[in-house]
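Analysis of the macromolecular model
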Amino acid sequence: MLKTIIIGSDHAGFSLKNKIKSYLESKNYEVFDAGTHTTESCDYPVIAKSVAQKIAQNAYEYGILVCGTGIGMSIAANKVKGVRAAVVSDTCSAKMSRLHNNSNILCLGERIVGEELAKDIVDIWLDSEFLGERHAKRVAMFE
Ligand code: RB5
């Protein structure tokens, strides 16, 4: 079954966010766009918080946040209880953040990764499942 996804960005991640959204829609995912909707400068913590709260409420299974580096989005998103946001710029980390850490938000930097790498990262992140077992005990300790 396809996963439900919420995506958001600030102005610095706006272009990559739109490309990822179109890419996922072309693969028949339903993607809710939490903004930003223009290239006007905006504050990434606002978008991070709104996406993170939706993930914490289980309104969507997975979140994707894009800013210039992915770092600010991840720091802000991880302030919300129940959120496990991972900044990723390679496919191995994307996979491991799901297998071992059960990440529920993927943070990308438009100034760090190109479009094709970002798509590969998103694919492997969505296709990788949490391994549970000993990792579940550790992930539970986050809370
Ligand atoms: C915006 O210039 C930039 O600071 C933001 O997109 C992000 O990279 C912060 O972590």
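Each value, and the rule that gives it
- Residues numbered from 1 in each chain as written.
- Predicted model: local features only at pLDDT ≥ 70, side-chain atom pairs only at ≥ 80, totals over all residues.
- Heavy atoms only, no water.
- Near = heavy atom within 4 Å.
- Areas by Shrake-Rupley, 256 points an atom, 1.4 Å probe, with all protein chains shown as cover.
- Patch = residues over 30% accessible without salt bridge, like charges linked within 9 Å, V, L, I, M, F, W, Y side chains within 5 Å.
- Salt bridge = Lys/Arg side-chain N within 4 Å of Asp/Glu carboxyl O.
- Helix = DSSP H or I, 4+ residues; strand = E, 2+ residues; numbered from the N terminus.
- Buried < 20%, exposed > 50% of the residue type's maximum accessible area, 1.4 Å probe, protein only.
- pLDDT = per-residue confidence, 0-100.
- Phe/Tyr/Trp six-rings, centres within 6.5 Å; stacked < 30°, edge-to-face > 60°.
- Pairing = 2+ DSSP bridges.
- Axes fitted to C-alpha atoms, helices over the stretch in contact; angles between N-to-C directions.

Describing the site of the ligand
Every residue close to the ligand is listed here: Asp10, His11, Ala12, Tyr44, Cys67, Gly68, Thr69, Gly72 and Arg111. In isolation the ligand has 300 Å² of accessible area, and contact with the protein removes 72% of it.

Observations concerning a nonpolar patch on the surface
A grouping of Ile71, Ile75 and Val87 is seen on the molecular surface, where their side chains present a nonpolar patch of about 260 Å² in accessible area. Topologically, Ile71 is positioned in helix α3 (residues 71-77). On the basis of relative accessible area, Ile71 is assigned to the partly exposed category, the value being 45%.

Concerning the confidence of the model for the protein
Here the protein shows a mean pLDDT of 97. Residues at 70 or above account for 99%. Ranking the elements of the protein by mean pLDDT puts helix α6 (residues 134-140) last with 97 and strand β5 (residues 105-109) first with 99.

Some points on the packing of aromatic side chains
Going through the model one piece at a time under the given rule, you end up with two aromatic pairs. Here the aromatic rings of Phe32 and Tyr60 are separated by 5.8 Å at their centres, their planes lie at 20 degrees, and the arrangement is stacked. Here Tyr60 lies in the loop between α2 (44-56) and β3 (62-67) and Phe32 lies in strand β2 (residues 31-33), a separation of 28 residues in the sequence. By relative accessible area, which is 40% here, Phe32 ends up partly exposed.

A look at the sheet that holds β2
Strand order in the open sheet formed by five strands is β2-β1-β3-β5-β4, with parallel pairing between adjacent strands. Two strands close off the open sheet at either side, each with one partner strand: β2 and β4 (85-87). Shown here is a sheet whose adjacent strand axes are inclined to one another by a mean of 20 degrees, direction ignored. Looking at chain direction, strand β1 (residues 5-9) and β3 are connected through five bridges and run parallel.

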